[in-house]
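Chain by chain, the residues run as shown.
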2 protein chains.
Amino acid sequence: MNNLFAQRLTKLTDPTVQNALRLASKKGIISFGGGLPNPDLFPLREIELSLLKILRLNGKATLQYSQTAGLPELRELIARNLSVKWKKKVDPEEVLITSGSQQGLDLLGKAFLDKNNYVLVENPTYFVALNAFNGYEAKYKTISLNPDGLNVKQLTKILNHSAKRVKFLYVIPTFQNPSGITWSKKVRVEVIKLIKKHRLLLIEDDPYSELYFDRRSPLNLAGYQHEGLIIYLGTFSKTLCPGLRVGYIVASKDIIAKLSLIKQGMDLHTSTLSQALVVEILKQNQTYKAHLNKIRNYYREQSQYMLLCLNKYLKQKAMWNIPAGGIFIWLKIKKGGCRELYKKAVDSGIAFMPGYTFYANMPKENTLRLTFATISKKEILKGIKILSKILPPEN
Amino acid sequence: MNNLFAQRLTKLTDPTVQNALRLASKKGIISFGGGLPNPDLFPLREIELSLLKILRLNGKATLQYSQTAGLPELRELIARNLSVKWKKKVDPEEVLITSGSQQGLDLLGKAFLDKNNYVLVENPTYFVALNAFNGYEAKYKTISLNPDGLNVKQLTKILNHSAKRVKFLYVIPTFQNPSGITWSKKVRVEVIKLIKKHRLLLIEDDPYSELYFDRRSPLNLAGYQHEGLIIYLGTFSKTLCPGLRVGYIVASKDIIAKLSLIKQGMDLHTSTLSQALVVEILKQNQTYKAHLNKIRNYYREQSQYMLLCLNKYLKQKAMWNIPAGGIFIWLKIKKGGCRELYKKAVDSGIAFMPGYTFYANMPKENTLRLTFATISKKEILKGIKILSKILPPEN
């Protein structure tokens, strides 16, 4: 039983998220970790009424096997909403329902990656996406992030030298996880120009763009003309609730047909009940819009309060970005490393996501990710004070 | 964009199930195809009440992210029920919740299969399992089925010659899909002896054992002492309802820990709402047991009626097994092939699952799978009459 497990498992050994989720749910800990939305914002009453309605009107079908690509009604609603958002026609057959966008990532890895293929990723990037691609033994080239988004010069250079060895570019252009950075319009246009030139596939992971604070988030990359080169990942985890595991992929019909065949072998289809519930919620368009406004207001306020606390207690010891949306603030500490700090933090009653985990190749040790999503203002204040105390003094 | 897709996709091209599901839901067609349970048997009222209860008592947690390995309460309930069924201790940490047992198959492929590894399978076998393993570029050796189960002589021979090249043995020992065959106790004991001798991993896929007709189904392979070599796949799709996508894997703690890490990259976790609902249903133990009895009675009656019709109208043109449980009857036609027959069938208003699709290597063309699960007696009679008409005459 020496070679019991497949080779790909050598890369799948980091239980960071599982530990973080466990810690985040530990009583008494103030958790800046995890990427969980605030459950107080789940529209419980609407969900309850919707479930009742679905079961009474269409119970049997809601509990039965359903089509691999997703409930036709859900694919239609998503296509219609995106057509409005992107001001261009999106066809229901360009939409595939996934079991959360995490499954979307796994599915795309399975569809496109042969062993040792290169994936281009932002540095830092969402590490559970790497976990999905690692399952197909990908290698990575990283591209740094400027305050206005992807470093286009670096991308140009890499593509000029080795475009053929790269399978796709994976990015989170809006309120990025973990950095909070949003690509400017200029960067978006330039990157699309580059991928067209090199015929490079781009995966746009977009869990946060609906969570803007002040002005509407910039047009998604997939909203531009892109000659079928962009595959878009959306989800209801941050806008509605994550427990249902409903996400979606938007891509050309050919690609969606292939992905659907692959998904069949992965889980036959996404929970029919979860999908039917999302259909019912989306159909109540005005209520859903009001709900989105409510959560935007909430996250904006939380973010502002966290920034206030950071300004007051951490100015000497760290630097951070000011996000325009999403749920993360990315910290660079001036002294010490995030691993030691993490141990101290947990002993002192706080948790965060240590930054080293967000790097595909060379981890930086002076970074950490904070979220303001799930904790009260009182806890934010208390937690930031603790963080300030355990950070090494400036000199 | 020539090599756009990964190499593994060359083996993933059979849309048979998708077509069958589409056909099965077509109005007016009498479908012996698909493997769907009868939705009239879903305990709708209990499900509705359970959902209300969950949402009122624990709504926020039910809609939030949850642990990758599954809700602790569900793992405990499954472990407890299996401990009783198998008369040996099953630990909750030996249980992992999956998004249907189809995800279990994908997960096990990802965990164990490197390119060109051999998998031993029954001939015929469940083709969507092959679809999952194909995703990891497996090769197959097939072992024929006798009326009392796996051909032990063939297995012995293969293991004596090439045990080291084989990664695992995949079987459905109880009310097999598609053949309906159930392994005898003798075959079970002999196969377990063989896998111990060769230290071979065995995957026992068991969606149907609760659907026995007269006497209780034989002890699952996983219920024997097996030195950690057996990985068991269970599901609530056939006993409760499939739309929730809740299944589970039972294996040693070490293996479950690895599988859990892999699952994290696949979909983070299975729908919390679906899992919470299953917990609530399982907690109402007496009601659930009564429900199981009800569906057993129903499927027994349906099977008997179908056998009656087959005896009356198909005796000259086909042979079939008499299942002791499950939802399938496997037909061997005496003349002609199932592909031509399938086209005729659809034109004549009936559908079935053509047999060629159930063979890992060399398809047999004279077989087809019928299910009696979802159609009325009147439809069974009418459908079998049609089948009899379109089958070529004996001579």
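Nothing here was measured: the structure is a model prediction, and the numbers come from that model.

Draft legend 1. Looking closely at the overall build of chain A. Scanning chain A from terminus to terminus reveals 12 helices and 14 strands. Radius of gyration (C-alpha) of chain A: 21 Å, near the 21 Å computed for a compact globule of 395 residues. Along the first, second and third principal axes, the C-alpha set of chain A runs to 60 × 55 × 55 Å. When the 395 residues of chain A are sorted by exposure, 53% land in the buried category. Counted over contacts in chain A with a minimum sequence separation of 6, partners at least 24 positions apart contribute 75%.

Draft legend 2. Up close: the sheet that holds strand β2 (residues 95-98) of chain B. Residue and element names in this part refer to chain B. If you trace the 8 strands from one edge of the open sheet to the other, you get β2-β9-β8-β7-β6-β3-β4-β5, paired in mixed fashion. Each edge of the sheet is formed by a strand with only one pairing partner; in this case those strands are β2 and β5 (149-150). Of the strand pairs in this sheet, strand β7 (residues 201-205) and strand β8 (residues 230-235) are connected by 4 bridges, and their pairing is parallel. In the strand pairing of β8, leucine 202 is matched with isoleucine 230. Against the sheet, helix α4 (residues 100-112) contacts β2, β6 (166-171), β7, β8 and β9 (247-250), and its axis sits at roughly 155° relative to β8.

Draft legend 3. Quick look at the interface of chain B and chain A. Listed per partner, the contact involves 61 residues of chain B and 62 residues of chain A. Contributing elements (two or more residues each) for the side of chain B that touches chain A: α1 (16-24), α2 (44-63), α4, α5 (127-134), α8 (253-267) and α9 (272-283) of chain B. With 10 residues, the single largest contributor to the side of chain B that touches chain A is α2 of chain B. Looking at the side of chain B that touches chain A residue by residue, the class counts come to 31 nonpolar, 21 polar and 9 charged.

Draft legend 4. Fine view of the nonpolar core. By size, the foremost hydrophobic cluster in this structure holds 167 residues, and its most contacted members are Leu202 of chain A together with Leu202 of chain B. If near-sequence neighbours (up to four positions away) are discounted, leucine 202 of chain A is found in contact with Phe168, Leu169, Val171, Ile195, Leu221, Leu229 and Ile230 of chain A. One finds Trp330, Ile333, Ala373 and Ile384 of chain A within the second-largest nonpolar core, a separate group that totals 39 residues.

Draft legend 5. Quick look at the relation of the copies chain B and chain A. When chain B is fitted to chain A, the best match, at an RMSD of 0.0 Å, comes from turning it 180° and sliding it 0.0 Å along the axis. Look at the turn and shift together and you get a two-fold axis relating the two. The C-alpha atom lying nearest the rotation axis in chain B is that of serine 271 of chain B; the distance is 3.7 Å.

Draft legend 6. Looking closely at the domain arrangement of chain A. Residues and elements named next belong to chain A. Taken domain by domain, chain A holds domain 1 (7-43 + 288-390) and domain 2 (44-284). For domain 1 versus domain 2, the distance between C-alpha centres works out to 24 Å. Facing the 32 residues of domain 1 at the interface are 38 residues of domain 2. For the side of domain 1 that touches domain 2, the secondary structure elements donating two or more residues are α10 (285-313) and β11 (328-333). Per element, the largest residue contribution to the side of domain 1 that touches domain 2 is 7 residues, and it comes from α10. Looking at side-chain class alone, the side of domain 1 that touches domain 2 contains 19 nonpolar, 8 polar and 5 charged residues.

Draft legend 7. Molecular detail of the packing of helix α2 (residues 44-62) of chain A against helix α9 (residues 272-283) of chain A. All names here are of chain A. As a packed pair, α2 and α9 sit with axes 9 Å apart at the nearest point and diverge in direction by 125°. Considering the angle they form, α2 stands oblique to α9. Two packed elements cross with a definite hand, and for α2 against α9 that hand is right-handed. Of the residues in α9, those in contact with Glu46, Ile47, Ser50, Leu51, Lys53, Ile54 and Thr62 of α2 are Thr272, Leu273, Ala276, Leu277, Glu280 and Ile281. Tallied by class, the residues present in the contact of α2 with α9 amount to 7 nonpolar, 3 polar and 3 charged.

Draft legend 8. Looking closely at the sheet that holds strand β7 (residues 201-205) of chain A. Reading across the sheet, the 8 strands line up as β2-β9-β8-β7-β6-β3-β4-β5 (chain A) and stay open at both edges, with mixed pairing between neighbours. For this open sheet the edge positions go to β2 (95-98) and β5 (149-150) of chain A, each flanked by a neighbour on one side alone.

Draft legend 9. Inspection of unusual backbone geometry at higher detail. Of note, the amide linkage connecting asparagine 123 of chain A to proline 124 of chain A takes the cis form, showing an omega dihedral of 5°. For proline 124 of chain A, the position within the fold is in the loop between β3 (118-123) and α5 (127-134). Cis geometry is found at the peptide bond from asparagine 177 of chain B to proline 178 of chain B, where omega equals 15°. Relative to the helices and strands, proline 178 of chain B resides in the loop between β6 and α7 (185-198). The phi angle at arginine 199 of chain B is positive, at roughly 50°, despite the residue not being glycine. For arginine 199 of chain B, the location among the structural elements is in the loop between α7 and β7.

Draft legend 10. Representation of the environment of lysine 332 of chain A. Residues and elements named next belong to chain A. Mapped onto the elements of the fold, lysine 332 is located in strand β11. In this structure lysine 332 comes out as partly exposed when scored by C-beta crowding, with 14 C-beta atoms within 10 Å. For the pair lysine 332 and glycine 355, spaced 23 residues apart in sequence, the C-alpha to C-alpha distance is 8.9 Å. If we skip the residues at most four places from it in the chain, lysine 332 touches Ala318, Met319, Asn366 and Thr367.

Draft legend 11. Expanded view of the environment of methionine 362 of chain A. Mapped onto the secondary structure, methionine 362 of chain A falls in the loop between β13 (353-354) and β14 (367-371). Classification of methionine 362 of chain A by C-beta neighbours within 10 Å gives exposed; the count is 8.

Draft legend 12. Local environment of the pairing of strand β6 (residues 166-171) of chain A. Residue and element names in this part refer to chain A. Within β6, 5 of the 6 residues are buried, which leaves it mostly tucked inside the rest of the structure. Of the pairings in the sheet, the one linking β6 to β7 comprises 4 bridges and is parallel in character. Across the sheet, phenylalanine 168 pairs through a bridge with leucine 201, a residue of β7. For the crossover that starts at β6, traverses helix α7 (residues 185-198) and ends in the parallel β7, the hand is right-handed.

Draft legend 13. Layout of α8 of chain B. All names here are of chain B. The terminal C-alpha atoms of α8 lie 21 Å apart, and with 15 residues this matches the ideal 21 Å at 1.5 Å per residue to within 8%. Taking burial as the measure, the 15 residues of α8 include 11 buried ones, the bulk of the element. Ile255, Ile256, Lys258, Leu259, Ser260, Ile262, Lys263, Gln264, Gly265, Met266 and Asp267 are the residues of α8 that are buried.

Draft legend 14. Local environment of the packing of helix α4 (residues 100-112) of chain A against helix α8 (residues 253-267) of chain A. Residues and elements named next belong to chain A. At a minimum axis separation of 10 Å, α4 and α8 run at an interaxial angle of 110°. In terms of orientation, α4 lies roughly perpendicular with respect to α8. The way α4 lies across α8 gives a crossing that is right-handed. Listed contacts from α8 to Leu107, Lys110 and Ala111 of α4 are Lys258, Leu259, Ile262, Lys263 and Met266. Within the contact of α4 with α8, the residues separate by chemical class into 5 nonpolar, no polar and 3 charged.

Draft legend 15. Region of interest: the pairing of β11 of chain A. Residue and element names in this part refer to chain A. With 5 of its 6 residues buried, β11 lies for the most part within the structure. Note that strand β10 (residues 318-320) and β11 share 3 bridges and pair antiparallel. When the sheet's bridge partners are listed, methionine 319 is paired in β11 with lysine 332. Two elements, β11 and β14, share 5 bridges in a ladder whose sense is antiparallel. Along β14, the bridge assignment pairs tryptophan 330 with arginine 369.

Draft legend 16. Structural context of the environment of leucine 113 of chain B. Residue placement: leucine 113 of chain B occurs in the loop between α4 and β3 (118-123). Leucine 113 of chain B sits in the buried class, given 25 other C-beta atoms within 10 Å. A C-alpha to C-alpha distance of 31 Å links leucine 113 of chain B and glutamate 73 of chain B, two positions 40 residues apart in sequence. Among all residues touching leucine 113 of chain B, those that are not within four sequence positions of it are Ala6 of chain A together with Phe133, Tyr136, Ala138 and Lys167 of chain B.

Reading the values: rules and limits
- Residues numbered from 1 in each chain as written.
- Chains lettered and ligands numbered in written order.
- Predicted model: local features only at pLDDT ≥ 70, side-chain atom pairs only at ≥ 80, totals over all residues.
- Helix = DSSP H or I, 4+ residues; strand = E, 2+ residues; numbered from the N terminus.
- Rg over C-alpha atoms; globule rule 2.2 N^0.38 Å.
- Buried ≥ 20, exposed ≤ 12 C-beta atoms within 10 Å, placed from the backbone.
- Contact = placed C-beta atoms within 7 Å.
- Pairing = 2+ DSSP bridges.
- Axes fitted to C-alpha atoms, helices over the stretch in contact; angles between N-to-C directions.
- Nonpolar A, V, L, I, M, F, W, Y, C, P; charged D, E, K, R; others polar.
- Core = buried A, V, L, I, M, F, W, Y, C linked by C-beta atoms within 7 Å.
- Least-squares fit on C-alpha atoms with pLDDT ≥ 70 in both.
- Domains from an automatic or database assignment.
- Parallel < 35°, antiparallel > 145°, perpendicular 65-115°, else oblique.
- Left-handed = near helix turned anticlockwise from the far one by under 90°.
- Right-handed = clockwise from strand over helix to strand, strands pointing away.
- Expected span 1.5 Å × (residues − 1).

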